[in-house]
Amino acid sequence: MRIRNIIFDLGNVLISFNPGEFLVKKDYPENIRNIIMNDIFNSREWKELDNGDITTPEAIESISLRSSLKKHEIELVFNFRREIMYPLDQNVRLLSGLKKTGFSLYYLSNFPLDTFEEIKNDYYFFKYFDGGLISSEAKLSKPDIRFYRLIIEKYSLKPAESLFVDDIPVNVQSAEAAGMKGMITYGADDISGMLAGILERE
């Protein structure tokens, strides 16, 4: 069945998000980088933010209770979130062409609500989307199959006509379990050839 809908993850598909690289550029010592990555970006609170279970101030407070980082240091890292992110231009450029070709475009991404509201207003390419869901609004996160079923239901999509694009294999596997076709980018900043190959085969 021909693909009519393309559903994109955002982080490391259309928007770069690599906090480890950012901390290196900011000249944080390795031991501090390791603490920040472990206590903040790989924390339970970070997942709860994505899932919409807590707010950013609540996450900062919770992390500060068990981290060796001081509260103001944690706040500073959280304030860096927007600096860490930037559009992956070659991938973003595909959206206008896909839209002109007749594809319906959607996003499905794990994202804290406050940060998403900022980037949605700032990044021009959101105008190409026909809709989408983020985890903090849905109270569900990838790879939970219910998250994929929710976007299918919300926009009355036929799973067999839908391609899901993500950088993480387990997230794509869940999309396939929900009946969609899947494409793993592994964080590539130019997915044009990969995407064209899949669309040509359908």
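Definitions and cut-offs
- Residues numbered from 1 in each chain as written.
- Predicted model: local features only at pLDDT ≥ 70, side-chain atom pairs only at ≥ 80, totals over all residues.
- Heavy atoms only, no water.
- Axes fitted to C-alpha atoms, helices over the stretch in contact; angles between N-to-C directions.
- Helix = DSSP H or I, 4+ residues; strand = E, 2+ residues; numbered from the N terminus.
- Parallel < 35°, antiparallel > 145°, perpendicular 65-115°, else oblique.
- Left-handed = near helix turned anticlockwise from the far one by under 90°.
- Contact = heavy atoms within 4.5 Å.
- Nonpolar A, V, L, I, M, F, W, Y, C, P; charged D, E, K, R; others polar.
- Buried < 20%, exposed > 50% of the residue type's maximum accessible area, 1.4 Å probe, protein only.
- Pairing = 2+ DSSP bridges.
- Right-handed = clockwise from strand over helix to strand, strands pointing away.
- Phe/Tyr/Trp six-rings, centres within 6.5 Å; stacked < 30°, edge-to-face > 60°.
- Lys, Arg positive; Asp, Glu negative; His and termini not counted.
- Salt bridge = Lys/Arg side-chain N within 4 Å of Asp/Glu carboxyl O.
- Polar contact = N/O pair within 3.5 Å; in protein donor to acceptor, adjacent residues only side chain to side chain.

(A) Up close: the packing of helix H4 (residues 56-64) against helix H5 (residues 71-79). Where H4 meets H5, the axes come as close as 9 Å, and the angle between the chain directions of the two elements is 140°. In this view, H4 runs oblique relative to H5, as classed from their interaxial angle. Judged by the sense of rotation from one axis to the other, the crossing of H4 with H5 is right-handed. Every residue of H5 that contacts H4 at Thr56, Ala59, Ile60, Glu61, Ile63 and Ser64 is listed here: Lys71, Ile74, Glu75 and Phe78. In the contact of H4 with H5, the residues fall into 5 nonpolar, 2 polar and 3 charged.

(B) Representation of the pairing of strand E4 (residues 104-109). Within E4, 5 of the 6 residues are buried, leaving the element largely enclosed by the surrounding structure. Relative to E4, strand E1 (residues 5-8) is paired through 4 bridges, and the arrangement is parallel. Of the residues in E4, the one forming a bridge with Ile6 is Leu105. Strand direction decides the pairing type here: E4 and strand E5 (residues 131-134), joined by 4 bridges, are parallel. When the bridges of E5 are listed, Ser109 appears paired with Ile134. With helix H9 (residues 113-122) bridging E4 and the parallel E5, this β-α-β connection has right-handed handedness.

(C) Geometry of the sheet that holds E4. The strand order across the open sheet built from 5 strands is E5-E4-E1-E6-E7, with neighbouring strands paired in parallel fashion. With partners counted over all chains shown, the strands left at the sheet margins are E5 and strand E7 (181-184), one partner each. On average, each strand axis in the sheet is inclined to that of its neighbour by 20°, with strand direction left out of account. Sheet strands in contact with helix H8 (residues 94-101) are E1 and E4, and its direction is about 135° off that of E4. Across the sheet, helix H13 (residues 192-201) touches E1, strand E6 (162-166) and E7, and the angle it forms with E7 is around 160°.

(D) Representation of the packing of aromatic side chains within the structure. Counted under the stated rule, the structure contains 17 aromatic pairs. Ring geometry for Phe41 and Trp46: centres 4.9 Å apart, planes at 65°, overall edge-to-face. We classify Phe41 as buried; its relative accessible area is 8%. Assessed through its relative accessible area of 11%, Trp46 is described here as buried. Between the aromatic rings of Tyr148 and Phe164, the centroid separation amounts to 5.3 Å while the plane-to-plane angle is 85°, which identifies the pairing as edge-to-face. Taken as a pair, Tyr148 in helix H11 (residues 145-154) and Phe164 in strand E6 lie far apart in primary sequence, 16 residues in all. An identical accessibility class is assigned to Tyr148 and Phe164; each is buried.

(E) Spatial organisation of the side chain of Asp39. Inspection of the secondary structure assignment puts Asp39 in helix H2 (residues 30-41). Of the side chains with opposite charge, Arg66 comes closest to the buried, unpaired Asp39, at an N-O distance of 4.7 Å. A polar contact is formed between the side chain of Asp39 and the side chain of Asn38, at a distance of 2.9 Å. Asp39 has contacts with Ile63, Arg66, Ser67 and Ser68, leaving out every residue within four places of it along the chain.

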